[in-house]
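Chain residues, written in single-letter form:
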Amino acid sequence: LFPVHAQSSTCIPPYGHTVILICIIHPLLFESLSLTLCEVRWKLVLDAAHIKAKHAISYADAFATALAQAEGAVVLTGDPEFKVVEKIVRIDWLA
């Protein structure tokens, strides 16, 4: 899993703002997209741990939530597990 954030409206229309993605990306595909790997800092790890402790959510999803909060970003997902964090981060639901 690579936590990445996209900042290009051409990458994930119609999002012109930061979108958090947790996905598996082939290295060649990654290089062709306007994506940036995020740097994992200790504060982000702790923030994710606190979210995990307070909500019934996987650590990977808690990490995505913490990253979205830190970046002022949107989580773009179809995973219903994120319903428990809708009040603390903006989520745009995929159909």
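Analysis parameters
- Residues numbered from 1 in each chain as written.
- Predicted model: local features only at pLDDT ≥ 70, side-chain atom pairs only at ≥ 80, totals over all residues.
- Heavy atoms only, no water.
- Helix = DSSP H or I, 4+ residues; strand = E, 2+ residues; numbered from the N terminus.
- Contact = heavy atoms within 4.5 Å.
- Areas by Shrake-Rupley, 256 points an atom, 1.4 Å probe, with all protein chains shown as cover.
- 1 Å grid on protein atoms, 1.4 Å probe; cavity = no way out; pocket = protein on both sides within 12 Å on 5 of 7 lines; lining within 4 Å.
- Points joined across faces, edges and corners; volume = space filled by probe spheres on them.
- Nonpolar A, V, L, I, M, F, W, Y, C, P; charged D, E, K, R; others polar.
- Axes fitted to C-alpha atoms, helices over the stretch in contact; angles between N-to-C directions.
- Parallel < 35°, antiparallel > 145°, perpendicular 65-115°, else oblique.
- Left-handed = near helix turned anticlockwise from the far one by under 90°.
- Buried < 20%, exposed > 50% of the residue type's maximum accessible area, 1.4 Å probe, protein only.
- Lys, Arg positive; Asp, Glu negative; His and termini not counted.
- Salt bridge = Lys/Arg side-chain N within 4 Å of Asp/Glu carboxyl O.
- Expected span 1.5 Å × (residues − 1).
- Arc of directions from axis to C-beta.

*Asks:* Sorry if this is basic, but what is going on with the overall build of the chain here?
*Replies:* When helices and strands are tallied, the chain shows 3 helices and 5 strands. N-terminal to C-terminal, the α/β element order of the chain is β-β-α-β-α-α-β-β. In the chain, the share of contacts with a sequence separation of at least 24, taken over all contacts with a separation of at least 6, comes to 38%. Within the structure as shown, the chain displays about 5800 Å² of accessible surface, and the carbon and sulfur contribution to it stands at 60%.

*Asks:* I tried to follow the layout of surface pockets on my own but got confused; where do I start?
*Replies:* Rolling a probe over the atoms, with the probe sized like a water molecule, indicates the empty space that remains. Empty space within the largest pocket amounts to approximately 190 Å³. Lining the largest pocket are 10 residues, with Glu39, Arg41, Leu44, Ala70 and Glu71 positioned closest to its centre. Elements with a contribution of two residues or more to the lining of the largest pocket: helix 2 (42-54) and helix 3 (59-71). Across the lining of the largest pocket, the residue classes break down as 4 nonpolar, 1 polar and 5 charged.

*Asks:* I tried to follow the packing of helix 2 against helix 3 on my own but got confused; where do I start?
*Replies:* Axis angle and axis distance: for two packed helices, these are the angle between their axes and the distance between the axes, and together they describe the pair. Orientation of helix 2 relative to helix 3, taken along the N-to-C sense of each, is 120°, at an axis distance of 8 Å. Looking at the two axes, helix 2 sits oblique to helix 3. The element helix 2 and its partner helix 3 pack so that their crossing is right-handed. Facing Leu44, Val45, Asp47, Ala48, Ala49, Ile51 and Lys52 of helix 2, the residues of helix 3 in contact are Tyr59, Ala62, Phe63, Thr65, Ala66, Leu67, Gln69 and Ala70. Across the contact of helix 2 with helix 3, the residue classes break down as 11 nonpolar, 2 polar and 2 charged.

*Asks:* Help me out: how do you make sense of the side chain of Asp61 in this one?
*Replies:* As for its position among the elements, Asp61 is in helix 3. Buried charged residue Asp61 carries no salt bridge. Nearest counter-charge: Lys52, at 9.2 Å. Filtering out sequence-adjacent residues up to four positions away, Asp61 remains in contact with Asp79, Glu81 and Phe82.

*Asks:* Could you clarify how one ought to interpret helix 2 in this entry?
*Replies:* Since the α-helix advances by 3.6 residues per turn, residues separated by three or four positions end up pointing in the same direction. In a regular helix each residue adds 1.5 Å, so 13 residues correspond to 18 Å; helix 2 covers 19 Å between its end C-alpha atoms and thus fits that length. Along helix 2, the positions that sit buried rather than exposed are Leu44, Ala48 and Ile51. The buried residues of helix 2 occupy an angular sector of 60° when the element is viewed end-on, so they sit on one face. Pointing more than 90 degrees away from the buried face of helix 2 are the exposed residues Trp42, Lys43, Ala53 and Lys54. Elements in contact with the buried residues of helix 2: helix 3.

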